[in-house]
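# Structural features, examined
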Amino acid sequence: MNKTCFAVWTSTAIAVTLLLSGCQALTGYQQIDKAESAKVWTGTIKPIADEVNIACVGTYHCEIVKIDRTMIISPETHRPMNATMLVAMNDARENNKTRTGTKHSQAAVTMDMTPLIHNNAIKIVPLSASAMPNLINYYARVKPAKREVHVNFYPENNLGYVERFAMIHDFASPGTYQLRAYQKKSGQSSGSLLDSASPEPLCVELYQGNTVQRRFCKQIGTEHQGEFVETGSVKAASVPSKVKVKAKV
């Protein structure tokens with residue numbers, strides 16, 4: 001009798017454990033689904049004291065694939081590899097119901113921007129809709145440190161054509177860093193790939209705030225053909241302080 005009761009209790013405990021773990025995993029990926037179905041994302045990068053924001057822009061779509069040894073965005077699914085890294089999102093519709101008294105409110109989310117608690121923590125924030133249908137642009141939040149960053153750029157409206165970029169950089173100062181891709185043209189410093197179809201070499205500039213810190217360009221006709229090589233000199237350049245990533249339809 002006791003053995004029978006023990007067996008039943010054990011089976012029930014295992015079932016409850018599996019159910020809870022399944023609910024936690026589902027809840028995490030529901031966060032991603034909520035981001036994909038939302039009408040508005042953060043829209044702008046939101047700086048947090050003592051943190052580094054890393055974003056990529058300039059092509060039809062781009063993804064931070066890996067930071068150090070941590071996978072960030074899957075190059076296959078184009079979604080966060082680990083749902084727990086996605087910032088917690090709260091549905092703002094309930095608040096709208098309370099204020100307006102209507103059930104027909106815009107689908108919106110508010111982001112939990114609680115500061116990171118340790119140096120190895122990474123958070124992923126949905127930034128905006130991508131220029132590619134059904135994809136999202138994300139940016140990453142990390143603590144200041146020397147890091148290896150891998151980014152996939154998509155210069156054309158085609159997921160089959162990807163340019164893979166990797167860089168090691170000391171993100172020593174908190175703030176916003178952007179990896180901006182463009183096509184290098186003779187007599188032209190830079191230009192958006194969305195407005196150009198010429199097969200010119202791809203370059204990537206690292207901006208810290210509004211200033212270019214480093215520049216990398218793909219080499220053509222050299223022993224480093226097809227590789228991104230850092231150029232020897234970078235002229236300071238500025239961009240608007242409030243950066244918004246907009247999808248081009």
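Please refer to the structure higher up on the page.
Presented here is a report on the structure given in the accompanying data block. Computed from a prediction, not measured in an experiment: that's the story for all the values here. (Residues numbered from 1 in each chain as written. Predicted model: local features only at pLDDT ≥ 70, side-chain atom pairs only at ≥ 80, totals over all residues. Heavy atoms only, no water.)

When helices and strands are tallied, the protein chain shows two helices and 13 strands. Looking at the protein chain as a whole, 39% of its 249 residues are labelled buried. In the protein chain, once contacts between residues fewer than 6 apart in sequence are set aside, the share between residues at least 24 apart is 60%. (Helix = DSSP H or I, 4+ residues; strand = E, 2+ residues; numbered from the N terminus. Buried < 20%, exposed > 50% of the residue type's maximum accessible area, 1.4 Å probe, protein only. Contact = heavy atoms within 4.5 Å.)

Taken together, four strands build an open sheet; the order of strands is β3-β2-β8-β9 and the sheet is antiparallel. Taken across any chain shown, the strands that pair with only one partner, and hence form the sheet edges, are β3 (70–71) and β9 (163–171). Pairing of strand β8 (residues 145–154) with β9, which is carried by nine bridges, proceeds in the antiparallel orientation. Following the sheet pairing, F153 is matched in β9 by E163. (Pairing = 2+ DSSP bridges.)

Next up on the list: the pairing of strand β11 (residues 202–208). When you tally the buried positions in β11, you get six out of seven residues, the bulk of the element. Looking at chain direction, strand β10 (residues 175–183) and β11 are connected through seven bridges and run antiparallel. Pairing of A181 across the sheet is with V204, part of β11. Relative to strand β12 (residues 211–218), β11 runs antiparallel, the two being bridged by six bridges. Bridged to C203 within β12 is C217.

Let's shift gears to the pairing of strand β6 (residues 123–129). Among the seven residues of β6, five are classified as buried, and the element is accordingly described as predominantly covered. Note: β6 against strand β7 (residues 136–142), six bridges, orientation antiparallel. Residue pairing in the sheet places P126 in a bridge with Y138 of β7.

The full count for this structure, using the stated rule, is two disulfides. One disulfide in the model links C56 with C62; its S-S distance is 2.3 Å. Taking the sign of the torsion about the S-S bond as the criterion, the disulfide between C56 and C62, at about 105°, is right-handed. Overall, the relative accessible area of 5% leaves C56 in the buried class. (Disulfide = S-S within 2.5 Å.)

Read from one edge of the open sheet, seven strands run β6-β7-β1-β10-β11-β12-β13, paired in mixed fashion. Both outer strands of the open sheet, β6 and β13 (228–230), are each paired with one neighbouring strand and no more. Strand-to-strand twist across the sheet, computed as the mean angle between neighbouring axes with direction ignored, equals 25°. Direction of pairing for strand β1 (residues 52–57) relative to β7: antiparallel, over a ladder of three bridges. Within the sheet, the bridge partner assigned to N53 lies in β7 and is R141. (Axes fitted to C-alpha atoms, helices over the stretch in contact; angles between N-to-C directions.)

Let us now look at the environment of L116. Residue placement: L116 occurs in the loop between β5 (109–111) and β6. The exposure class of L116 is buried, given its relative accessible area of 9%. Sequence separation of L116 and I48 is 68 residues, and the distance between their C-alpha atoms is 9.3 Å. With residues up to four places along the chain from it excluded, the contact list for L116 reads E51, A121, K123, R141, V142 and K143.

The next thing to look at is unusual backbone geometry. You will see that D50, though not glycine, has its phi angle at about 65°, which is positive. Mapped onto the fold, D50 is located in the loop between α1 (2–37) and β1. With relative accessibility at 52%, the residue D50 sits in the exposed group. Phi at N134 is positive, roughly 70°, even though this residue is not glycine. In this structure N134 comes out as exposed when scored by relative accessible area, which is 75%.

Function-wise, these values are silent; they only describe arrangement.
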